[in-house]
Amino acid sequence: MLGAIAGDIIGSIYERNRIKSEDFPLFRHDSRFTDDSVLTVAIASSILKKVSYLQSIKEFARRYPDAGYGGTFYQWMLSDDDQPYNSWGNGSAMRVSAIGFAYDTVDQVMEEARKSAEVTHNHPEGVKGAKAVAMTIFFSRLGAPKQHIKEVISKTFKYDLDRTIAEIRPNYSFDVSCQGSVPESIIAFLESTSYEDAVRKAISLGGDSDTMAAIAGSIAEAYYKVIPLHIIVEVRKRLPDEFLAIIDDFNTTYNLHWAK
């Protein structure tokens, strides 16, 4: 899950300053965590504390109200109404990474991803995006070859993963839908050679950079099993102590030694 948070922070400065290149500074003074990180930590905390996804998501969102949530989510998080709002946005996919690391069967991963998504994103595409990311992390964590991952995800979710980053980049634009950003984020991982390369490729598409880097970064963490130390150092100094404690507890509980 640290891979998602790092991707979020790195991508945060490029969401409104979109670029079409893989050559850019990873961090600036204004690089910060956004709603992607808050809700990623909320899901991890839910798993660790065995409380509902709904309870954890609302509690964390209300504690960090200025993290950059979408308008509909913001209204939902402040409301006493806990009903989902049929979103197909990529918020369900950006926060799901802990589930791909915590559960040990495909059925468990798919079911927990569904439950985490349906708190807010109960549209079929919102659920599908969360399931696809969680399953990609699951197979990556187990050491499956990229070709196998590609074939399974393509077949299961009917995503077109045969495109290349070079083909997508010229005409790609900002897209917050699961169907318009999750496949592209997975492709960034599939083409990558390292954690950092996956994040750079996702951001270089010039789309919803923090979320796409969070998705690609979460998968790359699972596959490469290493996040460069210089990235970890920069990320940790930008996070509140509460987040760091949950991240460290999660990594210890699920034996993610590379992410310390």
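Note: the structure precedes this text.
Keep in mind it's a predicted model, so treat the numbers as computed, not measured.

With that settled, the discussion passes to the pattern of salt bridges. Under the counting rule described, the total for this entry stands at 17 salt bridges. For Glu112, the salt bridge identified is with Lys115, shortest N-O distance 3.1 Å. Linking Glu112 with Lys115, this pair stays in helix α7 (residues 106-118), spanning 3 residues, or about one helical turn. With a relative accessible area of 14%, Glu112 lands in the buried category.

Once that is clear, we can look at helix α12 (residues 195-203). Burial runs high along α12: 8 of the 9 residues are buried. For α12, every residue scored as buried is listed here: Tyr195, Asp197, Ala198, Val199, Arg200, Lys201, Ala202 and Ile203. Turning to α12, the residues buried within the fold contact α1 (2-11), α10 (165-168), α11 (182-191), α13 (209-224) and α14 (229-236).

Bringing α11 into the picture now. Counted residue by residue, α11 has 9 buried out of 10 residues, so it is predominantly covered. Of the positions making up α11, those classed as buried are Val182, Pro183, Glu184, Ser185, Ile186, Ile187, Ala188, Phe189 and Leu190.

Time to look at unusual backbone geometry. Backbone geometry places Lys50, a non-glycine residue, at a positive phi of 55°. Relative to the helices and strands, Lys50 resides in the loop between α2 (35-49) and α3 (53-63). Of the residues examined, Lys50 reaches a relative accessible area of 73% and is grouped as exposed. At Asn255, a residue that is not glycine, the phi angle is positive and equals roughly 60°. Along the chain, Asn255 turns up in the segment after α15 (241-253). Judged by relative accessible area, which is 46%, Asn255 ranks as partly exposed.

Basis of the calculations
- Chains are numbered independently. Their residues run from 1 in the order of the written sequence.
- Local features in this predicted model are restricted to residues whose pLDDT is 70 or higher, and side-chain atom pairs enter the listing and the counts only when it is 80 or higher, whereas totals over whole chains, interfaces and linings include all residues.
- Hydrogen atoms and water are omitted, and side-chain values are computed over all heavy atoms in the structure.
- Within this document, salt bridges are pairs made up of a side-chain nitrogen of Lys or Arg and a carboxyl oxygen of Asp or Glu, the two lying within 4 Å of each other.
- To qualify as a helix, a DSSP run of H or I must reach at least 4 residues; to qualify as a strand, a run of E must reach at least 2; elements of each kind are numbered from the N terminus.
- Each residue is placed in one exposure class: buried if its accessible area under a 1.4 Å probe, protein chains only, is under 20% of its type's maximum, exposed if it is over 50%, and partly exposed if it falls in between.
- A contact between two residues is defined here by any heavy atoms of the two lying within 4.5 Å.

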